[in-house]
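Structural overview for review
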Amino acid sequence: MEILLSLVAVFALHCRFEIFVGSFPDSALLNGMHKLYGTFYGPEYTDLFVFAAVFIMLRFVKKKDDKPDIGSLLFSLFLSVMLVASISFKKFDSADFLFENSYQFMISCFCIIGIWIILYGILRCVYHLFNQNIMESAKTEKNGFLLILDKHFLLIGFCIIFLGWLPWIVMNYPGSDCPDSILQLKEFFGEEQWAVGHPPLSSVIMGSLFSVGRLLVDANFGFFLYCLMQTCAGALIFSLSMKKLKDLGIPIKWCLLGIALFAFTPLWGTYAQWLEKDLFYAEIALLQTICMLEILIRKECGKKEAVFLTCSSLGAVFLRNNGIHAVLPALVLLAIRFRGISRKRIAAVSLIVLAAYESVMRGLYPALGVRGASVVEPLSIPFQQTARYVCEYPDEVTEQEKEILGKVFDYDALFSYNPVLSDPIKNHCKGIAMDEYFGVWFRMFFKHSGTYFSAFINKCYGYLAPVSQNIEAWIQLEHYDYMKELGVHHVFSLNVSNVLVMVWNMSMVMPLVKYLCTPGMYTWIVAILIMLLIKHRRYSALILLVPSVMNILVCLASPMAGAIRYELPTVASVPLLIGWVYFSIHAGKDDAFVSA
């Protein structure tokens, strides 16, 4: 049986994922055979190794499991369907690979089954791997290098990450800018009206460091100073996250692997030299998760922990507009987790964060003339669904619906629909007659609900499955005119920067490495970690995953189909969360949600 299942898996992996059209319409047999001929890639030597690997994996799972695990079967089937559907929407902006004709349906089902086999085997292997106890005892004696490493892990980790990022921020000195950072600098210098679209706190930090550096040396140094700041902050916070795992008993070699991933993955080096708000927010978001981790480990919230949690939570909230959605639910659940004085302190932190957020957003910002957030900002999904409906069924839109949609968008603007980007539609929204719009949106859903599902997956496939690589931060060879006017310019030859460009490009196509810049991969990792905790009834431990889950949900409502910079807080948290889940599984029975 394992041989047959392995063969199906190998065939599924070698599907071209194309829409197949035969060249023999007069003969059903020849037409079918021609379609089958075009379905798979040609022979590759790796087929044998893949077959052997899948076979060994399935034999291992069969040896470990007396019978198939129903939960893992259902979960792996869901992931397989999501993967094949996401591939279809990425390639064709539709589900045509699955449903174009009877042959496509047969092939897509075959691919789903083959990938299902592999994913089930992987899930069961991960389950058994996490069941192995390799926790280090705190009393284990260490000597020599291990003793030094254990004693100075935070400092050593900081140095490794800092040195790993240093070539990126030096070789492309002073760094790379982007339209968002230019707008933030213009706001800081009073050339544009302040708006919460880019968090004012982030703009103040960016503009202040730029101004100080320009005053001390020149504009280049001011630009570089911000990159240096986020590099130092990242090296410290990322190293701290791995130190916390070491303190929990996770073997040092695995903690060092996490340090190496942070230090030498091109994704992080690219963001370090990018003048943009997302990396620093991801760092502070991770720090907030570390503060929650400390409270969960201690099983109490002291005054010091409450202060750290408050500061990191406020930082996360004010460095990203959607930060409140990740922070507040986690704080509320954390308060529920405890009783007594710890609950009161965490509840106080939650109230302070909420009160500060509301006071600043509704009081301070309007008083300072800061333009508020647009009502359309979180509406990417319904807008995309409406636009797709209008494009696919223009004859079914009634005159009344046209009139209402014309109030909201300008009706003709809906035909600028881009399946993977909501900005062409959102930019035409007037923000009026929204109640009437949602009435139209609701009625259209019942007419063609399939169109709505297609619009959703098309706009989110990059977060739903590991199908697209995206770094988004780039290595800039030519600065924008505004930055040139401020005095920013390249110091080294462009050939030096081009070395980084080549590394940047290779990181998105090299086997295995490319998955490190695939947002959907991190979504899957978080989902698998949740499954492991539920299977082991470690419900309290789920609290630490709440910010990452909320971040992923925010990504689904974001303007782009697969921008990893939106998911960067989750990407930064994944190494810590993997260690936390492993620790939680082996830390003893923890069925209760509420603790004294």
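Everything here concerns the structure above.
Only a predicted model underlies this, so the values are computations on that prediction, with no experimental measurement involved.

Conventions adopted
Residues numbered from 1 in each chain as written. Predicted model: local features only at pLDDT ≥ 70, side-chain atom pairs only at ≥ 80, totals over all residues. Heavy atoms only, no water. Helix = DSSP H or I, 4+ residues; strand = E, 2+ residues; numbered from the N terminus. Rg over C-alpha atoms; globule rule 2.2 N^0.38 Å. Buried < 20%, exposed > 50% of the residue type's maximum accessible area, 1.4 Å probe, protein only. Contact = heavy atoms within 4.5 Å. Lys, Arg positive; Asp, Glu negative; His and termini not counted. Charge placed at Lys NZ, Arg CZ, Asp CG, Glu CD. Polar contact = N/O pair within 3.5 Å; in protein donor to acceptor, adjacent residues only side chain to side chain. Core = buried A, V, L, I, M, F, W, Y, C linked by side-chain atoms within 4.5 Å. Expected span 1.5 Å × (residues − 1). Salt bridge = Lys/Arg side-chain N within 4 Å of Asp/Glu carboxyl O. Patch = residues over 30% accessible without salt bridge, like charges linked within 9 Å, V, L, I, M, F, W, Y side chains within 5 Å. Areas by Shrake-Rupley, 256 points an atom, 1.4 Å probe, with all protein chains shown as cover.

This part is about the overall build of the chain. From N to C terminus, the chain includes 27 helices and zero strands. Relative to its length of 596 residues, the chain is compact, with a C-alpha radius of gyration of 26 Å against a globular reference of 25 Å. Across its three principal axes, the chain shows a C-alpha extent of roughly 80 × 70 × 60 Å. Residues classed as buried in the chain amount to 52% of the 596 residues present. A separation of at least 24 residues holds for 79% of the contacts in the chain among residues at least 6 apart in sequence. Computing the positive centroid from 47 side-chain charges and the negative centroid from 47, the chain places the two 12 Å apart.

Looking at where S380 falls in the secondary structure, it is placed in helix α18 (residues 380-392). The buried category is assigned to S380, whose relative accessible area is 0%. Engagement of the side chain of S380 in a polar contact is seen with the backbone oxygen of A557, the distance being 3.5 Å. Sequence-distant contacts of S380, that is, excluding residues within four places in its chain, are made with S422, K426, K459, A557, S558 and P559.

Take the nonpolar core next. In this structure, W268 and M483 are the most contacted members of the largest nonpolar core, which totals 138 residues. Here this core takes 13 residues from helix α14 (residues 278-298), the largest share from any one element. The contacts of M483, once residues within four sequence positions are left out, are D177, I182, L185, F210, F223, L275 and V488. Formed by 22 residues, the second largest nonpolar core is a distinct cluster that contains V376, L379, L414 and V440.

As a further point, take helix α15 (residues 303-318). Along its 16 residues, α15 runs 23 Å from first to last C-alpha, staying within 8% of the 22 Å computed at 1.5 Å per residue. Of all the residues in α15, the buried ones are E305, A306, L309, T310, S312, S313, G315, A316, V317 and F318. For α15, the elements touching its buried residues are α10 (200-216), α14, α16 (323-337) and α17 (340-367).

Applying the stated criterion to the full structure yields 24 salt bridges. Two residues, D69 and R124, come together in a salt bridge whose shortest N-O distance is 3.6 Å. Taken together, the residues span a long stretch of sequence, with D69 in the loop between α3 (46-64) and α4 (70-92) and R124 in helix α6 (residues 102-131) at a distance of 55 residues. Given the relative accessible area of 18%, D69 is considered buried. Here R124 falls in the buried class, since its relative accessible area comes to 4%.

Right, let's get into a negative patch on the surface. Where like charges cluster on the molecular surface, the negative patch consists of E191, E192, D481 and E485. Among the structural elements, E192 can be located in the loop between α9 (179-188) and α10. With relative accessibility at 37%, the residue E192 sits in the partly exposed group.

A cis amide bond links Y173 to the next residue, P174, at an omega of 5 degrees. Position of P174 among the secondary structure elements: in the loop between α8 (153-171) and α9. Although it is not a glycine, D93 adopts a positive phi angle of roughly 55 degrees. You can see D93 is positioned in the loop between α4 and α5 (96-99). We classify D93 as partly exposed; its relative accessible area is 31%.

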